[in-house]
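Each chain, letter by letter, is given below.
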Amino acid sequence: MKKLINSVDGVVTDALAGMAAAHPDRLRVDVDQHIVYRATPKEDGKVAIVSGGGSGHEPLHGGFVGFGMLDAACAGEIFTSPVPDQVSAATAAVDRGAGVLHIVKNYTGDVMNFDMAAEMVAAESGTEIATVVTADDVAVEDSLYTAGRRGVGVTVIVEKIAGAAAEAGRSLADVAAIAKRTSEAGRSMGMALTSCTVPANGKPSFDLPEDEMEIGIGIHGEPGRHRDKIAPASEIAKQLVDPILAELPEGDRGVIALLNGMGASPLLELYLMYGEVAKQLDAAGVKVERSLVGNYITSLDMAGCSLTLVRADEDMLGLWDAPVNTPGLRWGV
């Protein structure tokens, strides 16, 4: 195993310390509790947003803390949910008097720990908390980590759109409603050319021969829906697009498209893949209103990609276009 680390036990702490050093103007990092905060808190009277999950998916979630997105993100150990004490501390710290929205990926530990934290904070302070759970992966209905679909790429889009709504001064009920609507309008599918290697394990999470690929993988190194021989990018794009379109909410609205890298595939390949996806969508009569290509919700050093499509109304598009200033996303400022 070749990794740029000091020790297996200190990977997350050291990475958070590095994030703090890299972005002192945007972030304040509680290295002890593994919580990333906005350097400048949001003004009083606005809804705050907290998310989080296991580390290893960077820039999700800490890289999306800042103006126009999250107020705080809780980092668990690699592929491990943050604990309730982390989430409750973050929630209490960012509350500006208008309530707090939790955005939670649909993994059993994440959902349970965020629920426990919400109960703790509500009992101690009376803070109003709303929760939206993302569940967009069409590859599996249930997995080792979930009851129902896994929460994956749509989480990035939900955090951006909900963050803009909160920044605009909308109420907690309205911010939660647009987050839920965005989540329900999105579907995702991923694939891998290689497994990932969790530092604590020191070896790939699953074996994948050189001439094969895994279709429908999860972001924690879970094997996929099926395994095929390596194919041209055009064929891979079809294996991602077709299952998503089969379950994407119907309608004449266009989509926000996220072609996401899993951590080890270069942008050359990701842009090539997006070109193939765009052809497939055009042939299917699906208009792409907005697009994003790059590493946004990764799986350590996995080579591969995922596709997320969100059927977007005018409100969603306006909030997507609103200014954002985070380490992982920045435009309009």
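Here is what the cut-offs are and how they apply
Note that residues are indexed from 1 along each chain, following the sequence as it is written. Since the coordinates come from a predicted model, pLDDT governs what is reported: local features require at least 70, and pairs of side-chain atoms require 80 or more to be given and counted, while whole-chain, interface and lining totals use all residues. By convention in this description, side-chain values take in all heavy atoms of the structure and omit both hydrogens and water. A run of DSSP states H or I qualifies as a helix once it reaches four residues; a run of E qualifies as a strand once it reaches two. Both are numbered from the N-terminal end. Every radius of gyration here is taken over C-alpha atoms, with the globule rule written as 2.2 Å times N^0.38, N being the number of residues. Buried means the residue's accessible area, taken with a 1.4 Å probe over protein chains only, is under 20% of the maximum for its type, while exposed means over 50%, and partly exposed covers the values in between. In what follows, a contact means two residues having at least one pair of non-hydrogen atoms within 4.5 Å. All accessible areas in this document rest on Shrake-Rupley with a 1.4 Å probe, and a residue is counted as covered only by the protein chains that are shown. Under the rule applied, a polar contact is a pair of N or O atoms within 3.5 Å (in protein, one hydrogen donor and one hydrogen acceptor; residues adjacent in sequence only if both atoms are side-chain atoms). We call a set of buried residues a nonpolar core when its members are Ala, Val, Leu, Ile, Met, Phe, Trp, Tyr or Cys and they connect through side-chain atoms within 4.5 Å of each other. Just so you know, the domain bounds were taken from an automatic or database domain assignment. Strand pairing follows a simple DSSP-based rule, namely that at least 2 bridges must link the two strands. Interaxial angle, 0 to 180 degrees, is taken between N-to-C directions of lines fitted to C-alpha atoms, where a helix line uses only the stretch in contact. Accessible-area loss on putting two parts together, using a 1.4 Å probe and summing over both, is the definition of buried area adopted here. Basic side-chain nitrogens of Lys or Arg form a salt bridge, by our definition, when they fall within 4 Å of a carboxyl oxygen of Asp or Glu. Here the nonpolar group is Ala, Val, Leu, Ile, Met, Phe, Trp, Tyr, Cys and Pro; Asp, Glu, Lys and Arg are the charged ones; every other residue, Gly included, is treated as polar. The rule is short: rings of Phe, Tyr and Trp, with Trp giving its six-membered ring, pair when the centres are within 6.5 Å, and they are stacked under 30 degrees, edge-to-face over 60, tilted in between.

### Structural notes on the overall build of the protein chain
Part 1 of the argument: Along the backbone of the protein chain there are 8 helices and 14 strands.
Part 2 of the argument: Its C-alpha atoms give the protein chain a radius of gyration of 19 Å, within 12% of the compact-globule value 20 Å for 333 residues.
Part 3 of the argument: In the protein chain, buried positions account for 55% of the 333 residues.
Part 4 of the argument: Taking the contacts inside the protein chain whose residues are at least 6 apart along the sequence as the reference set, 73% of them involve residues at least 24 apart.
Part 5 of the argument: Carbon and sulfur atoms form 52% of the exposed surface of the protein chain, whose accessible area is close to 13300 Å².

### Some details on the side chain of His-34
Part 1 of the argument: Among the structural elements, His-34 can be located in the loop between strand 1 (27–30) and strand 2 (35–38).
Part 2 of the argument: Residue class for His-34 comes out buried when judged on its relative accessible area of 9%.
Part 3 of the argument: A distance of 2.8 Å separates the side chain of His-34 from the side chain of Thr-13, its partner in a polar contact.
Part 4 of the argument: Every residue in contact with His-34, bar those within four places of it in the chain, is listed here: Val-12, Thr-13, Leu-16, Ala-73, Cys-74, Ala-75, Glu-77 and Gln-86.

### A short note on the nonpolar core
Part 1 of the argument: Counting residues in each nonpolar core, the largest one holds 62 residues, and the members touching the most others are Ile-49, Phe-64, Leu-101, Ile-161, Val-175 and Ile-256.
Part 2 of the argument: The residues that make up this core include at least three from each of domain 1 (10–185) and domain 2 (187–321).
Part 3 of the argument: Those residues in contact with Ile-49, other than ones at most four positions away along the chain, are Met-69, Leu-70, Asp-71, Ala-72, Leu-101, Ile-103, Ala-162, Gly-163, Ala-166 and Val-175.
Part 4 of the argument: Within the second largest apolar cluster, 27 residues are counted, among which are Ala-139, Met-213, Leu-270 and Leu-309.

### Let's talk about the pairing of strand 11 (residues 288–294)
Part 1 of the argument: Here 6 bridges tie strand 10 (residues 255–261) to strand 11, and the two strands are oriented parallel to one another. If you follow Leu-259 over to strand 11, its bridge partner there is Val-293.

### Some details on the sheet that holds strand 6 (residues 129–134)
Part 1 of the argument: Overall, mixed pairing links the 6 strands, which are arranged 1-2-4-3-5-6 in an open sheet. Looking at which strands have only one partner, the edges of the open sheet turn out to be strand 1 and strand 6. Strand-to-strand, the axes of this sheet are offset by a mean angle of 20°, without reference to chain direction.
Part 2 of the argument: Here 6 bridges tie strand 3 (residues 48–55) to strand 4 (residues 72–78), and the two strands are oriented parallel to one another.

### Quick word on the environment of Ile-78
Part 1 of the argument: With respect to the helices and strands, Ile-78 occurs in strand 4.
Part 2 of the argument: Residue Ile-78 is classed as buried on the basis of its relative accessible area of 18%.
Part 3 of the argument: Here the alpha-carbon distance between Ile-78 and Tyr-296, two residues 218 residues apart in the chain, equals 16 Å.
Part 4 of the argument: Residues within four places of Ile-78 in sequence aside, it is in contact with Val-11, Val-12, Ser-55, Val-198, Pro-199 and Leu-300.

### What to know about the domain arrangement of the protein chain
Part 1 of the argument: Split by domain assignment, the protein chain resolves into domain 1 (10–185) and domain 2 (187–321).
Part 2 of the argument: Here the C-alpha centre of domain 2 lies 22 Å away from the C-alpha centre of domain 1.
Part 3 of the argument: Taken together, the contact pairs 35 residues of domain 1 with 36 residues of domain 2.
Part 4 of the argument: Taken together, both faces of the contact between domain 1 and domain 2 bury some 3100 Å²; the carbon and sulfur share is 64%.
Part 5 of the argument: Three residues, Phe-79, Val-138 and Ala-185, lead the burial of domain 1 against domain 2; their summed loss comes to 21% of the area buried on that side.
Part 6 of the argument: On the surface where domain 1 and domain 2 come into contact, there are 4 salt bridges.
Part 7 of the argument: A salt bridge links Arg-181 to Asp-315, with the shortest nitrogen-to-oxygen separation between them at 3.5 Å.
Part 8 of the argument: Between the two partners, domain 1 and domain 2, sit 18 residue pairs in polar contact (both at pLDDT 80 or more).
Part 9 of the argument: If you list the elements that add at least two residues to the side of domain 1 that touches domain 2, you get helix 4 (154–167) and helix 5 (172–184).
Part 10 of the argument: Counted by class, the side of domain 1 that touches domain 2 contains 19 nonpolar, 6 polar and 10 charged residues.

### Considering the packing of aromatic side chains
Part 1 of the argument: Under the counting rule described, the total for this entry stands at 1 aromatic pair.
Part 2 of the argument: Ring geometry for Trp-320 against Trp-331: centres 5.3 Å apart, planes inclined by 55°, an arrangement best described as tilted. Remark: Trp-331 occurs in strand 14 (residues 330–331) and Trp-320 occurs in helix 8 (residues 314–321); sequence separation between them is 11 residues.
Part 3 of the argument: Assessed through its relative accessible area of 23%, Trp-331 is described here as partly exposed.

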